[in-house]
Structure formats: structure tokens, C-alpha cells
Amino acid sequence: MTKSFDNDEIRAVFGAYDANIKTLESLIKVTVRPTRDGVEISGSVADAELAGLLLDKLCHAVRRGENIDPDKVKQYYDILSADPSSLDDITSQPVCVNAHGQKIYAKTLRQKKFIDAVTNNLLTFAIGPAGTGKTYLAVAMAANAVKKGLVDRIILTRPAIEAGEKLGFLPGDLQMKVDPYLKPLYDALMEMFGDDYTRLIERGTVEIAPLAYMRGRTLSHAFIILDEAQNTTPEQMKMFLTRFGEGSRVIVTGDVTQIDIRGEQSGLIDAENVLKDVDGIAFVHLSEDDVVRHGLVMKIVKAYNKYSQRRNNSGSGKTE
């Protein structure tokens, strides 16, 4: 099977030392060779057609300014294998344009479901393991809302030190106390706004504060993100969820496999039990298959999950 492609695009798709095309060949069991004006694909008819479709989508991604690497090839392959028509839906509309002019898109089907849930609901919970893009996409959507004038400000919060938030035992003023715990949020803001994010904080357009400082406030016309919500208590979660007012939209993110509080149920787990049937509230569960950091991170998450399952199964078989 021979397909025609723009030489510059297909060169970008092949990648350095053909790393990307080697990944494609290992996934689909085909051989891809460059020709004068395209590629030649050798394999079964079905596999060659899938490889050709994947190459089409990767070339479209190059045109959109996306960088192609082996992880991107694997992500696109997973989506096409699950639902060939869904990839166009995922890449049809960027979530945001970052400070470098790069368009940010969902990278998995469940990430797209998360974005759609935020669009259609005032309160969205995103629950999943590390590396699934929960915080990054939440900040991207918040940045997009501010840039479009849909909200006046962004409010980012997370439990500072486990559930107790004992900030008084740390040296320095409030900013010095909370900065280490809010660093991931600063990093995401830097990605979306560049150096301007510090001026946005000074003007109050962006506010970053520990969860304890949300008590007693009403937050209107804001995009509010509660990160690391698995480390809230049920009382803290209820306090937070009753803060937002008119014109606001809320995202709560967390990973129920990384609960640091002891002796009390996580407010994130409690919230899903209490609110799962309430209209206007969405719960989106991301999985290890949605990990979009380095490909090795996905393998690490899966390895830990398998180990945990084996340990739990072994424990359940013990007799007293």
C-alpha cells in the first residue's frame, strides 16, 4: 500500500532516528518505508489501512503545530483502536493556547470526557492517578475562561499539609508557608500565562491559597479549582463546595490512591457518595491508561496497581 504525504510533514512524523515510525510499526505490525512523495506500507490489508489512517492523523497533528514523539503515536493509536471517529472530535477544538502559542488538546477519550463535563456542568470532579492531566487541564480551562472574559478571576486551592493544614509551625509569612504545596499550580499557570502570571496574581486575577483560607468567603464570577482533594476531610469538602457563588465554575481533582490523611474518610470519596445523583455535578474517572507524562510513568502506575492488587488478593485469602 502506497500513500502520498507532504515530505516535511512525514519527516516530522518519522521523528529523530525514525523513533516514531518504529513505534507505529511495533504497534500495528507493519513496515513503513519512505518513498519520493509519501510512504509504502507493507502488512495485512487491515493493518496497512490502520497504519495509513494513523499516519494521516499524525500529519494533521504536525499541521496543527503539535510535536510528535513515540508517546503521541501510542496515544493516537489507542484512540483509533477504541473508536476511529473519536480522534477528530478530540482534536477539533483546543482547550487553550498556552503562553508559547501552542494549542492544548485532550490526549485521551477520558480527558475529552473531562473537558466536556466541565463545559456542561457547574461542578466537575476529576478523579484519577498521577500523570493523567487533571490539574494541567483544569488550569488550562480556567485560563481559557479568563482570556475569553467568561469569568473575572481564577482561584486555585489545595490542602496545604495533609488535612490539618498546620501552617503556623512553618517559618515565614503566608506566601512562604504555602508556596511549596502550591508549586504544581504555579507551574501550570506559568505554562498558560508565561511571566504574566505574577502580574495576574498581583492584580487579584489569579489567587492561590490553602484550603483553610476559603472558609467564610463567597466566590462569585470565578473559575475555582480544588487540587489534591483526596486530602480533604468531609467537613473541609463541604465547606469548600458551599463557597462558590453566581457565575462561578468549579473543578475538584484528586487521586484516591494517594490519601495522606489518617483516621478519617477522605472528603473526595465522601463527596462522590453524597453527590453522585445531583444534577449539575459530574464525576469523571481517569485511569492509568490516561497517563500522559513520559511513557515510563504509565508503566510505573500500572506496576504499582498490579502489585497492590496482588497484595490485596493475597491478604484476602488469609484466615484468622
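To be clear, the structure that these remarks concern was listed above.
This one's a predicted model, so the numbers in the text were calculated from it and none came from an experiment. (Residues numbered from 1 in each chain as written. Predicted model: local features only at pLDDT ≥ 70, side-chain atom pairs only at ≥ 80, totals over all residues. Heavy atoms only, no water.)

(A) Quick peek at the side chain of Lys 112. Along the polypeptide, Lys 112 turns up in helix α6 (residues 109–120). When neighbours within four sequence positions are excluded, Lys 112 is seen to be in contact with Asp 89, Ile 90 and Ala 106. (Helix = DSSP H or I, 4+ residues; strand = E, 2+ residues; numbered from the N terminus. Contact = heavy atoms within 4.5 Å.)

(B) Representation of the pairing of strand β2 (residues 31–35) in the model. As defined by bridge partners, β2 adjoins strand β3 (residues 38–42) across 5 bridges and the pair is classed as antiparallel. Following the sheet pairing, Thr 31 is matched in β3 by Ser 42. (Pairing = 2+ DSSP bridges.)

(C) Local environment of the sheet that holds strand β6 (residues 123–127). Strand order in the open sheet made by the 6 strands is β8-β7-β9-β10-β6-β11, with parallel pairing throughout. Only two strands of the sheet have a single partner each, and these edge strands are β8 (206–210) and β11 (281–285). Direction aside, neighbouring strands of the sheet carry axes that sit 15° apart on average. With 5 bridges connecting them, strand β7 (residues 153–158) and strand β9 (residues 222–226) associate as parallel partners. Counted as the bridge partner of Leu 156 is Ile 225 from β9. (Axes fitted to C-alpha atoms, helices over the stretch in contact; angles between N-to-C directions.)

(D) Layout of the packing of helix α2 (residues 19–28) against helix α3 (residues 45–63). Axis separation between α2 and α3 bottoms out at 10 Å; the angle between their running directions is 145°. Read as a crossing pair, α2 and α3 show a hand that is right-handed. Residues Ile 21, Leu 24 and Ile 28 of α2 touch α3, and the partners they reach there are Asp 47, Leu 50, Ala 51, Leu 54 and Leu 55. Of the residues belonging to the contact of α2 with α3, the class tally is 7 nonpolar, no polar and 1 charged. (Left-handed = near helix turned anticlockwise from the far one by under 90°. Nonpolar A, V, L, I, M, F, W, Y, C, P; charged D, E, K, R; others polar.)

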